[in-house]
Amino acid sequence: MSPPLPPDARTAPADLRIARLRLAYDTPRGPHTVVDGFDLALPAGRIGCLLGPSGCGKSTVLRAIAGFEPVREGEIHVGERLVSSPTVHVPPEARQVGLMFQEYALFPHLDAAGNVGFGLRRLPRAARRQRVREMLALVGLGDMAGRYPHELSGGQQQRIALARALAPAPALILLDEPFSNLDGATRERLTAEVRDILRAAGQTAVLVTHNAAEARAMADFVGVMHGGRLKDWTATQD
Amino acid sequence: MPGPLASRLPAGLRPVGPLWRGASVLIALGVLAPVLSLAWLAAGSSLAHWTHLLAHVLPSAALNTAVLLAGVGAMVLVIGTGCAWLVTACDFPTRRVLHWALLLPLAMPTYIVAFAYLDLLHPLGPVQGVLRWMLGYDSPRQWRLPDLRTMAGAIFVLGLVLYPYVYMTARAMFMTQPAHLLEAARSLGETRWGAFRRVALPLARPALAVGVSLALLETLNDIGASEFLGVNTLTVAVYTTWITRSDLAGAAQIACAMLAVVVMLVLLEQHGRRHQRFGSAQRMRAIRPRPLQGAAAWGACALGWLPVLLGFAAPAAYLAWESYKRLSLGGGVSAGLVASLANTITLALGVTVAAVLAGLVVAWAVRHTASTVRTPRWPARLASLGYALPGTVLAIGLLTPALGLDALLARSLGLPGLPLMAAGVVLVAACAIRFLAMPVGGIEAGLARIPPALEQAARSLGETPLGALRRVHLPLLRPALAASALLVFVDAMKELPATLLLRPANFDTLATWLYAEAARGTYEEGAIAALAIVVAGLLPVAWLARTQLALPHVDALPAPE
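What you see is a predicted model; the values in this text were computed from it and never measured.

### Notes on unusual backbone geometry
Residues and elements named next belong to chain A.
Step number 1: Positive phi, close to 60 degrees, is recorded for Q96, a residue that is not glycine.
Step number 2: Relative to the helices and strands, Q96 is located in the loop between β5 (81-84) and β6 (97-100).
Step number 3: A relative accessible area of 15% means that Q96 is categorised as buried.
Step number 4: At D232, a residue that is not glycine, the phi angle is positive and equals roughly 55 degrees.

So, in structure tokens, the structure goes:
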């Protein structure tokens, strides 16, 4: 098990390689396979998108990359590092993979600054404060540091969740249906904002959505998930 | 919620008149009466009393109480939270049974566990006998365990019985914590332990505060275990000051000091409840227990069962064995014990009827006065405060008004002696006040689930307000009424401090019978009395396990997508 790198190391964005991935979960009638023969390659600094209807297994793939689902077959590499296979499982906290949840998963007992600084515990206090300020400014919420999640709108919560995921400078960031809880106009505006933020940070990112327009607006690579496999993993044209 | 529902009712359909409201206010004031009387009694006595108490009684009793509360608080917090997290976050053999078995010590009144352990761990008892045999010693003079009759022994015994209060609240909180919060912490670099410490635990803090304060209120209420184990707490001091020294004013003054502790604990509990929104702040995908393998699985299993073994199985098995021995050796059951059982059931039935009726009046009146009164819930809040009053405090507070009323009745009706005290009415009233919170809360929750449209439909079909209550609400409230009645009945069966102080002459319940046996150091029939109380106590535990800790959304977890 590798120890986590200090966040101030500002990890260089890493590429993501997934080969022959099979994922299943246990049911009372035995294991039920949801993803099988899944392959993907995403270059460093690019944004990829898994598109597909609800229940097709795209969030399960994301959770497996983050380290929350065991891999039955195949391998997941982040950069040069093998993080998941049937015999290797790097724990989520040691992967340097940030995850932004569909429900945002903001800690209700911490304010916005506390949430953004959560993953920066190993930094000295001054550096941590500085990084939190930078991140809040990056998502345009510099004046909301003291607000608690329930005092923020849906869009603001979404941006705090993004800032929190970006703050430790992960090698890879995963976004699980990040705009599904927002109304149409806010979603359109934030899609562009998030894309710009990720590009500005040169961040490798994988986005999961069932909205084709959102996928094309954000991603450099788009693939459609069907029957537990990824089809047509192709570059979009800017 | 009573407020909005009632405010939607047109004035003509409002089914509660001033009579209901008046009755509910009277009941609430009845709960307050012992506190006011206590203050009056304490303030009315001479300053010399206070000086004496401050010099000789209060310092040691207060210190003992503080140490006991701190020790029990720490123990219930560690065991309750640890077990709750273990069965929430880990999967291991027997977890599903352990999940509810951890509640079993709730069936054990504190004085019964103390009674059982004193005998079980006696230098000539079975445990020390086996240990000496294993170590090759012949007599207790050569080797014996430290005496249980110490502060540490009292903390150990009370902690083992009271941890379920924290377990229950913490478990309910952990079950509703969204899994993605812990996953977010892990993806931000925290280990499993770190995610528990920095996310799960702070989010559960309000629930833990509620659980600890309930356990500490029970500690403060305890008289039997503390006395058996030789720890002179404030509760014991109240009892001995009144009964041994016949000093009612002194007892009232000590009781006032206890009230200060009660107020602090109630404030802690209220503060905890105020922040409980943490639990359901976000959409829910429950924490999935992580399967443990091999030694870790069996280690978790052993760790989880240890509190059940020590807090329930060992003392219960001991009581069962002693009862079996007594019955099989032809000792039988004495007429006195049978009479105590009959008294216990009569008392518990009386308390149940009184508390459930009073609870119904308060909850019904509160539900229907929201549109006309600015703070409609205060009678319910006040009526529910009795649970925080230790039995001894309640008894002393109730005594003066009860004696006054008794004297008035005796004079006006020409009856001899103290009619209400002798008939056990004062004892029933004290227990009903103490346990009123359960029916008030249960019936309020039950009423909140009945839509106002049902009342309107009944009224539009020609029913009077009382008729609607009888034909619509009472049938729908049956589960809430039954649950409240069960909880009150069993708690009244177990009640010791107030019963000791307020029972009529020559009136014993199973609890006071057991107390007398333990005080005399004779344990012949005590085990049978204790076993009967424990068996009755299992009923509400089974109900709690079914209703409060139902498992479906934890184990039948949906797959992530």
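Picking up where we left off.
### Brief notes about the pairing of strand β8 (residues 205-209) of chain A
Residue and element names in this part refer to chain A.
Step number 1: Most of β8 sits inside the fold, with five of its five residues counted as buried.
Step number 2: Burial along β8 is two-sided: A205, L207 and T209 facing one way and V206 and V208 facing the other are all buried.
Step number 3: Pairing of strand β3 (residues 47-51) with β8, which is carried by five bridges, proceeds in the parallel orientation. The residue of β8 that forms the bridge with L50 is V208.
Step number 4: The pairing of strand β7 (residues 172-176) with β8 spans four bridges and is parallel. Across the sheet, residue D176 finds its bridge partner in β8, namely V208.
Step number 5: Handedness of the β-α-β unit built from β7, helix α5 (residues 184-200) and β8 comes out right-handed.

### Concerning the packing of helix α16 (residues 391-413) of chain B against helix α18 (residues 425-435) of chain B
Residue and element names in this part refer to chain B.
Step number 1: It is the contact of α16 with α18, at a shortest axis distance of 10 Å, that shows an interaxial angle of 130 degrees. It follows that α16 is oblique to α18 by the angle criterion. α18 is crossed by α16, and the crossing has right-handed handedness. On α18, the residues that touch G391, L394, L398 and A402 of α16 are V426, A429, A430, I433 and R434.

### Quick notes on the domain arrangement of chain B
All names here are of chain B.
Step number 1: Looking at the assigned domains, one finds that chain B contains domain 1 (64-273 + 283-313) and domain 2 (333-561).
Step number 2: Its C-alpha centre places domain 1 at a distance of 25 Å from the equivalent point of domain 2.
Step number 3: On the domain 2 side, the residues contacting the 50 residues of domain 1 number 40 residues.
Step number 4: Three residues, Y111, F115 and W242, lead the burial of domain 1 against domain 2; their summed loss comes to 16% of the area buried on that side.
Step number 5: Summed over the shared surface of domain 1 and domain 2, the result is one salt bridge.
Step number 6: For R434, the salt bridge is made with E218, and the minimal N-O distance between the two is 3.7 Å.
Step number 7: Counting across the interface, domain 1 meets domain 2 through four residue pairs in polar contact (both at pLDDT 80 or more).

### Quick word on the sheet that holds strand β4 (residues 73-78) of chain A
Residues and elements named next belong to chain A.
Step number 1: Taken together, four strands build an open sheet; the order of strands is β2-β1-β4-β5 and the sheet is antiparallel. Each edge of the open sheet is held by one strand with a lone partner, namely β2 (30-42) and β5. On average, adjacent strands in this sheet sit at an angle of 35 degrees to one another, irrespective of strand direction.
Step number 2: The sheet contact formed by β4 and β5 spans three bridges and is antiparallel. Bridging across to β5, H77 finds its partner in L82.
Step number 3: Helix α1 (residues 58-66) contacts β1 (16-27), β2, β4 and β5 of the sheet and is inclined by roughly 110 degrees relative to β1.

### With respect to the sheet that holds strand β10 (residues 229-235) of chain A
Residue and element names in this part refer to chain A.
Step number 1: Pairing within the open sheet is mixed, and its six strands lie in the order β6-β7-β8-β3-β9-β10. Because the sheet does not close on itself, it has two edges, and the strands there are β6 and β10. Sheet twist, expressed as the average angle between the axes of neighbouring strands with direction ignored, equals 20 degrees.
Step number 2: Sheet strands touched by helix α4 (residues 154-166): β6 and β7. Its angle to β6, the strand with the most contacts, is close to 170 degrees.

What counts and what doesn't
- Residues numbered from 1 in each chain as written.
- Chains lettered and ligands numbered in written order.
- Predicted model: local features only at pLDDT ≥ 70, side-chain atom pairs only at ≥ 80, totals over all residues.
- Heavy atoms only, no water.
- Helix = DSSP H or I, 4+ residues; strand = E, 2+ residues; numbered from the N terminus.
- Buried < 20%, exposed > 50% of the residue type's maximum accessible area, 1.4 Å probe, protein only.
- Pairing = 2+ DSSP bridges.
- Right-handed = clockwise from strand over helix to strand, strands pointing away.
- Axes fitted to C-alpha atoms, helices over the stretch in contact; angles between N-to-C directions.
- Parallel < 35°, antiparallel > 145°, perpendicular 65-115°, else oblique.
- Left-handed = near helix turned anticlockwise from the far one by under 90°.
- Contact = heavy atoms within 4.5 Å.
- Domains from an automatic or database assignment.
- Buried area = accessible area lost by both parts, 1.4 Å probe.
- Salt bridge = Lys/Arg side-chain N within 4 Å of Asp/Glu carboxyl O.
- Polar contact = N/O pair within 3.5 Å; in protein donor to acceptor, adjacent residues only side chain to side chain.

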